[in-house]
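# Summary of structural features
Take a look at the letters that make up each chain.
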Amino acid sequence: MAGTVLVTGGTGYIAGEVIDQLLGRGWCVRTTVRSKATSEARLRARWPGAGDQLFVFEADLMNDAGWDLANEGCTHVAHVASPFPVGVPKDENELIVPAREGTLRALRFAHAAGVQHFVQTSSSAAIAYGHPASKTLFDESDWTDANAPGIQPYIKSKTVAERAAREWVAQNALDMAFCSINPVAVLGPVANDDLSASIEFVRRFLTGEIPAIPRIGFTVVDVRDVASLHVLALEAPAATIRGERFACAADFMWMEDMARVLRDHLGADARKVPSRRMPTPVLKLMALFSRDIRQIAGEVGKRKVVSGQHAKDKLGWTTLPVEQTVLETARSLIAQGVVKL
Ligand code: NAP
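Residues numbered from 1 in each chain as written. Predicted model: local features only at pLDDT ≥ 70, side-chain atom pairs only at ≥ 80, totals over all residues. Heavy atoms only, no water.

## Some words on the packing of aromatic side chains
According to the stated counting rule, one finds five aromatic pairs in the structure shown. Measuring from ring centre to ring centre gives 5.0 Å for phenylalanine 252 and tryptophan 254, while their planes differ by 85°; the resulting arrangement is edge-to-face. For tryptophan 254, a relative accessible area of 12% translates into the label buried. Chaining the aromatic ring pairs together yields one cluster made of Phe201, Phe205 and Phe218. One residue, arginine 163, lies across the ring of tryptophan 143, its end atom 4.0 Å from the ring centre. Positioned above the aromatic ring of tyrosine 129 is the side chain of lysine 304, whose terminal nitrogen or guanidinium carbon lies 3.8 Å from the ring centre. (Phe/Tyr/Trp six-rings, centres within 6.5 Å; stacked < 30°, edge-to-face > 60°. Buried < 20%, exposed > 50% of the residue type's maximum accessible area, 1.4 Å probe, protein only. Lys NZ or Arg CZ within 6 Å of the ring centre and 35° of its normal.)

So this is what it looks like as structure tokens:
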């Protein structure tokens, strides 16, 4: 099956992989970028053979300009764009407003254009936070409590955006099949030096910028599997995905195990990858002085496992081994010249 699909935020790590797989399957792909002047040539260079199978439009999450043209003739939308910075902004609304307003804008224009099938890239950030510390297993039935103490702006932004999307669809667009895909930490090969925030710690492992490893871990998923789940959801019958949430997760890994995989397989390229543990009191002390470290310090020692079983059962989704994902992330950072050793 192939039709015309809009993928928002074509410059992004996940959106790039989604576009890549959709083009490979014969879809006509439209994508939005904030600035054609800065981004179109780069996208064309990534898919030199795409020709008029790929159209690039200018549209920002924060205003209406361009969204009608981008949606024209589309039957399907994958709304992937949302702010995902490395650091934590002083004002949480820098993330919450574009995430929420951008999602509602994407929905509104898609619905007006007659789009029947809308997939939102949400996050496990909308699933696995603000719960009692004793809870360690998560799936689609869980919702983050965005008002719990210590909830970080990015986590709030994804929770608020997904809730707003579901409410908007319930009130305005019951004729449109809507689902969310909720990825955990996304790793896997990068296509260029424009890195997603989720890749940053692997880059810093390789460059030696992280001297010791905190007792932090997360459930990981490969960007190629995140994209394939988007494709499965786009290509599934409307009744199969309507209203669904698909947690998009492979397996949990501690950061020290990720570092070990790199040291075991990369030889001299892993010479700066740390092997020392960072004592938790040191991390907590650093968190007092850094908003960015505070963002991760709350997760120390927690083994939060998100299950991707529902997507496997319902859509026949499969996932790569996480060790392969971690290793291929590092190899691509070196191959792309992002990390110079
Ligand atoms: P990314 O590479 O940083 O991509 C983010 C995309 O959003 C970029 O294309 C960016 O455009 C676009 N964007 C941000 N603010 C915008 C605005 N105001 N107007 C228009 N476009 C805007 O991050 P990613 O990892 O691919 O993330 C993509 C989506 O997946 C996000 O919704 C994120 O929340 C979600 N997600 C990511 C992970 C992960 O671990 N990577 C996990 C779960 C969920 P510019 O290039 O112009 O900045």
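So much for the structure itself; the text now carries on.
## Concerning the state of the cysteines
For the structure shown, the criterion picks out zero disulfides. In this model cysteine 28 remains outside any disulfide bridge; the closest cysteine sulfur is found in cysteine 74, 7.9 Å from its own. Residue cysteine 74 is classed as buried on the basis of its relative accessible area, which comes to 4%. (Disulfide = S-S within 2.5 Å.)

## A few points about the site of the ligand
Contacts to the ligand come from 24 residues, most closely from Thr11, Arg34, Tyr154, Lys158 and Ser196. At 2.8 Å from an oxygen atom of the ligand is found a side-chain nitrogen or oxygen belonging to arginine 34. With the chains in place, 87% of the 890 Å² that the ligand exposes on its own is no longer accessible. Class assignment for the residues of the shell around the ligand results in 12 nonpolar, nine polar and three charged. (Near = heavy atom within 4 Å. Polar contact = N/O pair within 3.5 Å; in protein donor to acceptor, adjacent residues only side chain to side chain. Areas by Shrake-Rupley, 256 points an atom, 1.4 Å probe, with all protein chains shown as cover. Nonpolar A, V, L, I, M, F, W, Y, C, P; charged D, E, K, R; others polar.)

## Overview of the environment of leucine 206
Note on placement: leucine 206 falls in helix 6 (residues 200-207). Since its relative accessible area comes to 0%, leucine 206 is described here as buried. Counting along the chain gives 64 residues from leucine 206 to aspartate 142, while the straight-line C-alpha distance between them is 35 Å. Here leucine 206 is in contact with Leu266, Asp269, Lys272, Val273, Ala330, Leu333, Ile334, Val339 and Leu341, once residues within four sequence places are set aside. (Helix = DSSP H or I, 4+ residues; strand = E, 2+ residues; numbered from the N terminus. Contact = heavy atoms within 4.5 Å.)

## Re the nonpolar core
Counting residues in each nonpolar core, the largest one holds 79 residues, and the members touching the most others are Val7, Leu22 and Val29. Setting aside chain neighbours within four positions, we find leucine 22 in contact with Val5, Val7, Trp27, Val29, Val231 and Leu234. Counting residues in hydrophobic clusters, the runner-up holds 22 residues, among them Ala70, Cys74, Leu104 and Ala165. (Core = buried A, V, L, I, M, F, W, Y, C linked by side-chain atoms within 4.5 Å.)

## Regarding the packing of helix 4 (residues 93-112) against helix 5 (residues 153-172)
For any two helices packed against each other, one specifies the inter-axial angle together with the distance between the axes. For the pair helix 4 and helix 5, the least separation of the axes is 8 Å and the interaxial angle reads 25°. On the basis of the axis angle, helix 4 is roughly parallel to helix 5. Read as a crossing pair, helix 4 and helix 5 show a hand that is right-handed. On the side of helix 4, the interface is formed by Leu95, Ile96, Ala99, Arg100, Thr103, Leu104, Leu107, Arg108 and His111, while helix 5 contributes Pro153, Tyr154, Lys156, Ser157, Val160, Ala161, Ala164, Ala165, Trp168, Val169 and Asn172. Residues belonging to the contact of helix 4 with helix 5 are distributed by class as follows: 13 nonpolar, four polar and three charged. (Axes fitted to C-alpha atoms, helices over the stretch in contact; angles between N-to-C directions. Parallel < 35°, antiparallel > 145°, perpendicular 65-115°, else oblique. Left-handed = near helix turned anticlockwise from the far one by under 90°.)

## Here's the deal with the sheet that holds strand 1 (residues 4-7)
One open sheet holds the seven strands; their spatial order is 3-2-1-4-5-7-10, and the pairing between them is parallel. Pairing within the sheet leaves two strands with one partner each, and these edge strands are strand 3 (54-58) and strand 10 (245-248). Averaged over all pairs of adjacent strands, the angle between strand axes in this sheet comes to 20°, irrespective of strand direction. Where strand 1 lies against strand 4 (residues 76-79), three bridges are found, and the strand directions are parallel. The residue bridging valine 7 from the neighbouring strand is alanine 78, located in strand 4. Together, strand 2 (28-33) and strand 3 form the strand contacts of helix 2 (residues 36-46), whose direction differs from that of strand 3 by roughly 165°. (Pairing = 2+ DSSP bridges.)

## With respect to a nonpolar patch on the surface
Residues Leu285, Leu288 and Phe289 make up a contiguous nonpolar surface patch of roughly 390 Å² in combined accessible area. Of note, leucine 285 is situated in helix 10 (residues 280-289). (Patch = residues over 30% accessible without salt bridge, like charges linked within 9 Å, V, L, I, M, F, W, Y side chains within 5 Å. Salt bridge = Lys/Arg side-chain N within 4 Å of Asp/Glu carboxyl O.)

## Considerations on the side chain of glutamate 244
Here glutamate 244 shows up in the loop between helix 8 (238-241) and strand 10. Setting aside residues no more than four positions away along its own chain, glutamate 244 makes contact with Arg166, Phe178, Cys179, Ser180, His310 and Lys314.

## Structural notes on the sheet that holds strand 11 (residues 251-254)
Read across the sheet, three strands follow the order 8-9-11 without closing on themselves; strand pairing throughout is mixed. A strand with exactly one partner marks an edge of an open sheet, and here the two such strands are strand 8 (185-187) and strand 11. If you compare each strand with its neighbour and ignore which way they point, the axes differ by 50° on average. Bridge analysis of strand 8 against strand 9 (residues 217-222) gives three bridges, and the strand direction is parallel. Across the sheet, the residue bridging to alanine 185 is valine 220, located in strand 9.

## Focus: helix 4
Here helix 4 is 20 residues long and its end C-alpha atoms lie 27 Å apart, about the 28 Å a rise of 1.5 Å per residue gives. Here helix 4 has its buried residues at Leu95, Ile96, Pro98, Ala99, Gly102, Thr103, Leu104, Arg105, Ala106, Leu107, Phe109 and Ala110. In the core, the buried residues of helix 4 are packed alongside helix 3 (67-71), strand 4, strand 5 (117-121), helix 5 and strand 7 (177-183). Downstream of helix 4 by a residue or two, glycine 114 has a phi angle that is positive, lying close to 90°. (Expected span 1.5 Å × (residues − 1).)

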